[in-house]
Amino acid sequence: MKSPAQSPLAQQIRETKQTRVPVEASLKTDDRILARITDGIYRQPSSALRELISNAYDADATEVVILTDAPRFSTITIRDNGLGLTPESLEHLIEHIGGSAKRTLAGADLEVTKRGDPTKSPGGRKLIGKLGIGLFSVAQFTRHFLVITKTRGDRFRTVADITLGPVNQDERLIDPKANGESQIERGHARIWTEPAPKDESQGTEVKLLDLLPRTRDELASVDLWARIDFEIENEGRALTRAPYFHIGRISRKNPDELELPPRLPWNETHEAREKFEMFLQSVRVLADEDKALVDIEAVCDRYLQTLWTLSLTAPLDYVDNHPFDLSPDGELLFFQLANKTKGQAEPLRLKLGETPRKRLNLKTPYLSKGDTFEVFIDGVQLFRPIVFREQPKTQSAVSTPLAFIGRCREEFEKKPVDLSGGKLDFEAYLFWTPKVIPTQHQGVMIRVGNAAGVPFDRTFMGYQVSEQTRLRQITAEVFVSEGLDGAINLDRESFNYAHPHYQFLVKWLHSAIRQLTNRHKEVGKELRGKRLLEKGAKALRKLDLLVEQKVKARGIEDVPEIVLLERSDEKSASGLRREGKIVLRKRLALPARKGEKQTNAALQSLAFLEGKAVAIGQILHAWGLLEVLSFEDQEILIQDILEILMADAE
Amino acid sequence: MMKDEESDFVDEIVQSKLPQHTSPARDDFQPWHKVRKQFIREKQWNLLVSEMVRRYLKRQLQTDTTDWLADEEESDRSSEIPEGVILDRPLRCLVIPGDDLLDLRSLYKDTRPFNCYIKYLGFNQGQGSDQKRTRVDVANNEVTSLKEVASNSTVAPDQFQSIASTKSQAYRYMKDYGPFHVVNLDLCDSLFPSLTVDAKYYSAIHRLAEYQMKSQTVPWLLFITTQIEPSQVSVPDFSKMCTPTQHNLRAHPDFAERLASVLPPEALQDDGAIVVISQLNDEQMIFVFGVALGKWLISLGATSSPTWVVEMLRSYRYAIRRDPFVEMLSLAFQFLPKFSPPIDKTGLSKLFVSASQPSSELDSALKLLTAVGKIGDVDLLLKADPDLCSAMEKASADLLESAGYDRERYLEWQGRYYD
């Protein structure tokens with residue numbers, strides 16, 4: 001058989017037949033897979049916006065402005081005031097897709113990373129991106145886009161007009177290099193500079209041109225409206241509920257007109273922050289008013305959902321407080337999570353004005369003082385829409401939200417670093433509340449370097465124990481400051497489950513849920529007990545007053561004391577009687593109660609029954625009916641009366 | 001073999017045209033690069049905007065950080081306030097800005113002394129792979145990156161005329177960015193009722209006025225630049241436009257008298273009431289057009305509630321061509337709100353509040369006649385004042401250079417034009 005073209009390695013393998021000495025070889029990757037990235041590897045339009053926001057964050061921008069002409073979506077602009085790209089970094093970006101200079105030693109030379117720390121931005125932010133594929137997420141939207149960028153102090157801005165190459169055709173190999181590596185052409189860029197005044201301005205704008213019809217339709221919820229049209233046409237009425245809030249609907253006849261005007265939670269006169277607050281408030285109020293509207297997908301069209309998703313995943317401030325900055329005010333109970341498989345969460349008793357951050361020395365979100373990052377979409381400023389105050393009330397026993405807070409640093413000291421993936425450091429909270437609104441906030445979100453790829457994972461990383469109700473009442477976030485990077489898949493929307501850091505997090509989280517569950521049960525039991533006790537004590541007091549009144553009516557001032565004895569204490573009966581007390585043995589005076597569970601409620605009703613036994617004894621005594629009977633008959637009479645009363649009650 | 005029936009899904013999935021690269025802008029100089037346009041920018045638009053800001057809007061706009069800080073009760077916020085501007089109180093502008101956003105750059109420069117924070121909405125229809133669009137995008141990027149320009153300012157890929165329909169995307173844009181302090185309609189085609197131009201601007205201006213009068217509460221300016229070609233006049237349209245003017249002619253002897261002093265007797269019929277368009281020469285037609293347009297705007301302001309008093313401010317004209325006669329008119333109008341004070345008719349209050357005098361339509365009309373009579377000829381002004389001319393030339397060169405044009409080539413082009 002004729003052998004195929006032989007590589008040196010293949011040749012060497014063949015030669016081992018004679019030499020009997022194994023060949024050593026490194027595993028190498030090929031560019032072809034990365035080349036595919038320019039076709040788009042993301043699932044949703046929001047992913048592309050998320051990636052571009054992350055790029056701006058990594059470039060130390062303090063502001064990102066996204067402008068669309070929703071609901072037409074003919075164009076989308078993403079404009080930041082970050083460091084901008086020098087021609088050198090633009091060259092690197094375009095000629096080495098997937099070979100980001102971020103997190104490499106070359107990064108500092110290209111001024112995209114901090115000197116001496118390739119994991120941080122020049123301004124000191126922990127980098128979100130690492131591969132240099134974020135920009136090409138725009139393939140989700142278009143095959144033609146513009147990058148306009150300027151760095152501070154430069155007297156020009158650079159304009160790159162980029163078209164992405166043919167869809168799904170054989171890649172063209174270009175520029176074979178001396179070392180045998182080849183590169184693959186996946187598109188074309190026309191780049192030039194425009195003169196600019198030498199000023200402090202800086203930033204990068206990505207303008208998406210000629211949006212793909214499919215993406216436009218998706219953003220404009222075309223499918224949803226089409227379904228409603230279809231139902232009206234065929235069934236005479238819409239079976240699908242139109243979204244409560246929407247950006248309006250473009251006319252099918254004239255793409256520059258709306259056939260349905262927008263219905264938004266805000267109006268034009270509101271300021272950027274107010275708009276978002278009104279959005280959040282409306283979502284919460286609607287969920288409270290209408291069960292069907294606890295789901296953000298029922299409340300909002302795709303555009304507004306995209307806003308919501310971005311606000312959850314982007315590296316933003318919380319709309320109110322960071323959960324670590326909540327202070328105790330009786331509305332919230334704090335616990336500290338243990339990092340052990342069998343550990344128990346301990347109550348975290350914070351002093352007035354003290355926060356979990358202060359007590360536990362929590363560092364998330366690791367921003368330097370004064371560092372801000374704001375994102376605006378079409379005039380709405382985004383915030384993390386997760387709130388911890390004014391939680392909705394339900395019938396459940398525990399109505400006080402519980403906040404479980406933990407931090408963990410695992411050095412994997414005893415394991416080889418090649419197997420462990422290095423250090424893992426994170427902080428986290430699990431927030432239990434009777435009702436999580438909207439339902440999209442149920443689950444756990446993993447943030448690496450202040451950003452998340454996907455919103456909440458409702459399976460809690462595959463938590464197997466059947467705790468369905470309780471799991472639906474938990475919102476959790478894990479803030480990873482070191483490690484886990486390697487476990488994030490290319491699209492940043494999923495994890496490599498096999499990675500040790502991921503596995504560690506799974507174990508930690510599941511232990512945390514167990515700790516939450518135990519504490520929650522305990523708090524519930526305690527609360528129920530306390531409530532019953534309060535209720536029971538009140539009833540008994542009423543009974544006492546009633547007896548006192550009746551006895552007084554018979555002209556007796558002192559209500560005789562009646563003591564109920566457990567079987568084990570019966571020996572003390574005669575002694576007590578000698579002291580002038582009336583003694584009743586419980587086993588004789590109280591009706592038998594079989595097979596009852598020792599629940600709080602059962603204990604409570606028993607206590608009340610005992611109170612009644614005493615009351616009956618006191619009344620009979622006041623009428624002088626008790627002393628005519630033997631001790632045992634006294635007890636049987638009281639038992640008989642109680643049984644009749646109970647029968648009555650049932 | 002029978003061919004399968006074709007599906008109709010494709011159009012919704014695949015575009016028909018491959019994306020086309022755009023190219024850098026070239027130094028192709030245009031009429032609006034001439035010195036006289038710079039005169040309009042500086043001596044009309046920017047000057048009037050500055051005057052309005054100084055006179056009416058100082059407290060409305062964020063003109064000075066110390067100014068508004070004084071309003072804040074808690075002074076401890078001051079440490080957090082970054083230099084410049086954080087409040088959403090910009091000078092809001094609606095513009096038809098052209099590809100280089102020259103007018104906005106110029107306005108920015110001239111309003112610097114007042115620390116105006118500018119937020120603009122432009123309309124320019126080019127889109128996507130359109131060659132011109134890139135130029136707009138680059139210019140827009142540059143202007144929005146200026147420190148005192150709102151970074152969410154934008155140039156919408158729509159025509160201004162589209163705002164006429166409340167369903168249009170353009171109308172939505174207007175509502176999102178308005179209400180405006182300055183509306184500058186530097187029209188590519190003409191407002192002049194002409195046989196050649198199918199202008200839908202009147203509905204759009206009507207819609208704009210409706211929106212502004214409903215939403216704005218402070219004075220605002222409307223600039224209209226339009227080409228006029230009397231030889232192409234559409235008589236029926238022009239007559240319709242003259243209706244409010246004719247009403248004044250009939251009702252107000254003062255008005256009729258003044259108009260008669262400008263127009264030839266043949267243009268006014270026996271009863272002095274009707275303007276006979278065929279009897280007007282080019283100059284007179286421009287005059288009548290200015291009056292008619294002004295009267296139309298006055299009537300819009302007078303019929304809204306609360307009413308708005310409309311005044312023509314310093315306006316200019318310059319020649320495009322002599323034969324046939326084509327002229328450019330650059331008109332400025334100021335809209336002042338007129339609110340009526342509350343009157344206590346019961347006598348419970350001891351306060352004496354006089355009812356406001358209803359604004360007199362005739363007063364406005366007479367003022368308008370005077371203003372139209374004073375429309376300045378830019379060509380004459382520049383010719384008469386060489387210093388002014390060279391100052392404008394320098395300013396124009398600065399402006400174009402800031403927009404990426406070659407200064408030397410520009411000066412050469414400009415010189416050639418004047419020779």
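All values derive from a computational prediction rather than experimental measurement. (Residues numbered from 1 in each chain as written. Chains lettered and ligands numbered in written order. Predicted model: local features only at pLDDT ≥ 70, side-chain atom pairs only at ≥ 80, totals over all residues. Heavy atoms only, no water.)

Helix and strand content of chain A: 18 helices and 20 strands. The buried share among the 650 residues of chain A stands at 50%. For chain A, long-range pairs separated by at least 24 residues make up 70% of all intrachain contacts whose partners lie at least 6 apart in sequence. Looking at chain A as shown, the accessible area adds up to about 33,100 Å², and 52% of this sits on carbon and sulfur atoms. (Helix = DSSP H or I, 4+ residues; strand = E, 2+ residues; numbered from the N terminus. Buried < 20%, exposed > 50% of the residue type's maximum accessible area, 1.4 Å probe, protein only. Contact = heavy atoms within 4.5 Å. Areas by Shrake-Rupley, 256 points an atom, 1.4 Å probe, with all protein chains shown as cover.)

Another aspect to go through is the overall build of chain B. A count of helices and strands for chain B gives 14 helices and eight strands. Of all 419 residues assigned to chain B, the portion counted as buried reaches 53%. Put simply, of all contacts in chain B between residues at least 6 apart along the chain, 76% involve residues at least 24 apart.

For the rest of this paragraph, the subject is the side chain of A:Gln305. All names here are of chain A. Within the secondary structure, Gln305 sits in helix 10 (residues 302-313). Note on Gln305: relative accessible area 15%, which makes it buried. Those residues within four positions of Gln305 in sequence are excluded, and the remaining contacts are Ile296, Glu297 and Cys300.

Below, the discussion takes up the interface of chain A and chain B. Counting residues at the interface gives 45 residues for chain A, matched by 41 residues for chain B. When chain A packs against chain B, the two sides together hide about 3,600 Å² of surface, and 49% of this comes from carbon and sulfur. Seen at the junction of chain A and chain B, the total is four salt bridges. Note that A:Lys207 and B:Asp137 form a salt bridge whose closest N and O atoms lie 2.9 Å from each other. In this structure, the connection of chain A to chain B is made through 14 residue pairs in polar contact (both at pLDDT 80 or more). Where the side of chain A that touches chain B is concerned, the elements lending two or more residues are strand 1 (63-68), strand 3 (144-150), strand 4 (156-164), strand 7 (187-195), strand 8 (203-209) and helix 6 (213-219) of chain A. Considering every element that reaches the side of chain A that touches chain B, the biggest residue donor is strand 7 of chain A, with six residues. (Buried area = accessible area lost by both parts, 1.4 Å probe. Salt bridge = Lys/Arg side-chain N within 4 Å of Asp/Glu carboxyl O. Polar contact = N/O pair within 3.5 Å; in protein donor to acceptor, adjacent residues only side chain to side chain.)

With that settled, consider the packing of aromatic side chains. In total, this model carries 34 aromatic pairs over all chains according to the counting rule given. Aromatic side chains B:Phe29 and B:Tyr405 sit 5.7 Å apart centroid to centroid with 35° between the ring planes, which places their arrangement in the tilted category. Of this pair, B:Phe29 sits in the segment before helix 1 (35-57) while B:Tyr405 sits in the loop between helix 13 (386-402) and helix 14 (407-418), placing them 376 residues apart in sequence. B:Tyr405 shares its class with B:Phe29; the two are buried. Measuring from ring centre to ring centre gives 5.5 Å for B:Phe29 and B:Tyr410, while their planes differ by 55°; the resulting arrangement is tilted. Of this pair, B:Phe29 sits in the segment before helix 1 while B:Tyr410 sits in helix 14, and the two are 381 residues apart along the sequence. Residue class for B:Phe29 comes out buried when judged on its relative accessible area of 13%. B:Tyr410 sits in the buried class, given a relative accessible area of 0%. Feature note: the residues A:Tyr318, A:Phe324, A:Phe388, A:Tyr429, A:Phe431 and A:Phe479 constitute an aromatic cluster, connected by ring pairs. It is A:Arg554 that lies over the ring of A:Trp623; its NZ or CZ is 4.0 Å from the centre. (Phe/Tyr/Trp six-rings, centres within 6.5 Å; stacked < 30°, edge-to-face > 60°. Lys NZ or Arg CZ within 6 Å of the ring centre and 35° of its normal.)

Let us look at the packing of helix 14 (residues 500-553) of chain A against helix 17 (residues 600-622) of chain A. All names here are of chain A. As a packed pair, helix 14 and helix 17 sit with axes 10 Å apart at the nearest point and diverge in direction by 10°. It follows from the interaxial angle that helix 14 and helix 17 lie roughly parallel. Here the contact of helix 14 with helix 17 is composed, by residue class, of 14 nonpolar, six polar and four charged. (Axes fitted to C-alpha atoms, helices over the stretch in contact; angles between N-to-C directions. Parallel < 35°, antiparallel > 145°, perpendicular 65-115°, else oblique. Nonpolar A, V, L, I, M, F, W, Y, C, P; charged D, E, K, R; others polar.)

We now examine the sheet that holds strand 7 of chain A. Residues and elements named next belong to chain A. Strand order in the open sheet formed by eight strands is 7-4-3-8-2-1-13-14, with mixed pairing between adjacent strands. Here the strands that pair on one side only, and so sit at the sheet edges, are strand 7 and strand 14 (380-381). Of the strand pairs in this sheet, strand 13 (residues 374-377) and strand 14 are connected by two bridges, and their pairing is antiparallel. For Ile377, the partnering residue across the bridge sits in strand 14 and is Val380. In the packing of helix 3 (residues 45-58) onto the sheet, the strands contacted are strand 1, strand 2 (76-80), strand 8 and strand 13, and the crossing angle to strand 2 comes to about 20°. (Pairing = 2+ DSSP bridges.)

Its twelve residues place the ends of helix 1 (residues 8-19) of chain A 15 Å apart at the C-alpha level, agreeing with the 16 Å of an ideal helix rising 1.5 Å per residue. Within two residues after helix 1 of chain A, A:Arg20 carries a phi angle of roughly 60°, on the positive side. (Expected span 1.5 Å × (residues − 1).)

Residue and element names in this part refer to chain B. The eight strands are arranged 3-2-1-4-5-7-6-8 in an open sheet whose pairing can be described as mixed. The outermost strands of the open sheet, each flanked by one partner alone, are strand 3 (154-156) and strand 8 (376-377). Bridge count for strand 1 (residues 91-95) against strand 4 (residues 182-186) is three bridges, and the pairing is parallel. From the neighbouring strand, Cys93 faces strand 4, where its bridge partner is Val182.

Across all of its chains, the model carries 55 salt bridges over all chains by this definition. For A:Arg585, the salt bridge is made with A:Glu635, and the minimal N-O distance between the two is 2.8 Å. Of this pair, A:Arg585 sits in strand 20 (residues 582-585) while A:Glu635 is found in helix 18 (residues 631-649), placing the two residues 50 residues apart along the sequence. Residue B:Arg321 pairs with B:Glu229 through a salt bridge whose shortest N-O separation is 3.5 Å. Note that B:Arg321 is positioned in strand 6 (residues 307-321) and B:Glu229 in the loop between strand 5 (220-228) and helix 7 (235-241), a separation of 92 residues in sequence.

Glancing now at a nonpolar patch on the surface. Taken together, the side chains of B:Phe9, B:Val10, B:Ile13 and B:Val14 present a nonpolar region at the surface, about 390 Å² in accessible area. Residue placement: B:Ile13 occurs in the segment before helix 1. (Patch = residues over 30% accessible without salt bridge, like charges linked within 9 Å, V, L, I, M, F, W, Y side chains within 5 Å.)

Residues and elements named next belong to chain A. Cis geometry is found at the peptide bond from Thr364 to Pro365, where omega equals 5°. In this chain, Ile437 is followed by Pro438 through a cis amide linkage whose omega measures -15°. Take Pro438: it is sitting in the loop between strand 16 (424-432) and strand 17 (443-448). In this model, Asp210 sits at a positive phi of 45°, which is unusual for a non-glycine residue. Within the secondary structure, Asp210 sits in the loop between strand 8 and helix 6.

The next subject is the environment of B:Glu266. Residues and elements named next belong to chain B. Tracing the backbone shows Glu266 in the loop between helix 9 (253-262) and helix 10 (282-303). Given the relative accessible area of 46%, Glu266 is considered partly exposed. Taking C-alpha positions, Glu266 is 8.5 Å from Leu280, a pair spaced 14 residues apart along the chain. Here Glu266 is in contact with Val276 and Gln279, once residues within four sequence places are set aside.

On to the side chain of A:Glu218. Relative to the elements of secondary structure, A:Glu218 occurs in helix 6. The residues contacting A:Glu218, other than those within four sequence positions of it, are A:Arg43, A:Pro45 and A:Arg302.

Grouped together as the largest cluster of nonpolar side chains are 83 residues, with contacts concentrated most on A:Ile76, A:Phe145, A:Leu208, A:Phe279, A:Phe373 and A:Tyr429. Counting contributing residues, this core receives three or more from each of domain 1 (31-219) and domain 2 (264-525) of chain A. Excluding its chain neighbours within four sequence positions, the residues that come into contact with A:Leu208 are A:Ser74, A:Thr75, A:Ile76, A:Ile78, A:Val138, A:Phe141, A:Thr142, A:His144 and A:Phe145. Listed in part, the 75 residues of the second largest apolar core include B:Tyr171, B:Tyr173, B:Ile224 and B:Phe325. (Core = buried A, V, L, I, M, F, W, Y, C linked by side-chain atoms within 4.5 Å. Domains from an automatic or database assignment.)

The next point concerns the environment of A:Pro315. All names here are of chain A. With respect to the helices, strands and loops of the structure, Pro315 is situated in the loop between helix 10 and strand 11 (333-336). With relative accessibility at 3%, the residue Pro315 sits in the buried group. Spatially, the C-alpha atoms of Pro315 and Pro365 are 8.7 Å apart, while their sequence positions differ by 50 residues. The residues contacting Pro315, other than those within four sequence positions of it, are Ile53, Tyr57, Ile128, Phe373, Arg384, Asn450 and Ala451.

All right, on to the confidence of the model for chain B then. Averaged over all residues, the pLDDT of chain B equals 83, while 87% of them reach at least 70. Scored below 50 in pLDDT, residues 63-87 of chain B makes 25 contacts in the model with residues more than four places away or belonging to other chains. (pLDDT = per-residue confidence, 0-100.)

At B:Asn46, helix 1 of chain B shows its largest kink, close to 30°. Where burial is concerned, most of helix 1 of chain B is hidden: 17 out of the 23 residues are buried. (Bend = angle between axes of the 7 residues up to and from the residue.)

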